[in-house]
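Chain by chain, the residues run as shown.
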Amino acid sequence: MKRIAQKLILMIVAIILFYILAGWKIPIVWRMEMLKLPEGCETVYCTKIWISDVYWLHIKGEKVIKCDMGYEETKAYIEKYNSEIAREYINIYLYEGMSDIAIYDSQNDEKFWQQPDRQNYVKISYFRKL
């Protein structure tokens, strides 16, 4: 009986450590990846998530996609075909400009500035203050 209790405690500790180290990212990545996007969109930069304490403690996640419909139409499509609950803490931005808390920053992206269709790059951003 004592051996079973020890294994159970070790399993619980392992699960807690997994959640603390990486498991908290799974629901956020899932939420961003499950958004309904327009046909023909391609992922330029995959979803990255981190916790940061720049200015305040927050969770930041970003994904960059390219859609031939352009930024305005892509944003309208995502807002129309995804519920408010699915879009909670999610914002859609044109992939331009710079930010001190950005994961993907177009100012440092040499390939992006060489593209003729820069207006088709869209950043899907998850931002939540803790």
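Scroll up a little and you will see the structure.
**Q** Can you explain the environment of Y77? Please cite residues and give values.
**A** Summarising the element assignment, Y77 is placed in helix 3 (residues 71–81). Distance in space between the C-alpha atoms of Y77 and L37 is 7.2 Å, their sequence separation being 40 residues. In this view, Y77 contacts K36, L37 and P38; residues no more than four positions away in its chain are not counted.

**Q** Now, about the nonpolar core: what can you tell me, with residues and values included?
**A** Counting residues in each nonpolar core, the largest one holds 15 residues, and the members touching the most others are I28, M32, I90, I92 and I124. When contributions to this core are tallied by element, the ones reaching two or more residues are helix 2 (25–33), strand 2 (58–66), helix 3, strand 3 (90–94) and strand 4 (121–129). Sorting elements by how many residues they give to this core places strand 4 first, with 3 residues. Those residues in contact with I124 that lie beyond four places of it in its chain are M32, L35, L37, G61, E62, K63, I65, I78, I90, N91 and I92. In this structure, V64, Y95, Y104 and F112 belong to the second largest nonpolar core, which totals 6 residues.

**Q** Explain the side chain of H58 to me, using residue names and the numbers behind them.
**A** By the secondary structure assignment, H58 is in strand 2. Separated by 2.9 Å, the side chain of H58 and the backbone oxygen of W56 make a polar contact. Apart from the residues lying within four places of it in its own chain, the contact partners of H58 are W50, I51, S52, I101, F127, R128, K129 and L130.

Conventions used here
Residues numbered from 1 in each chain as written. Predicted model: local features only at pLDDT ≥ 70, side-chain atom pairs only at ≥ 80, totals over all residues. Heavy atoms only, no water. Helix = DSSP H or I, 4+ residues; strand = E, 2+ residues; numbered from the N terminus. Contact = heavy atoms within 4.5 Å. Core = buried A, V, L, I, M, F, W, Y, C linked by side-chain atoms within 4.5 Å. Buried < 20%, exposed > 50% of the residue type's maximum accessible area, 1.4 Å probe, protein only. Polar contact = N/O pair within 3.5 Å; in protein donor to acceptor, adjacent residues only side chain to side chain.

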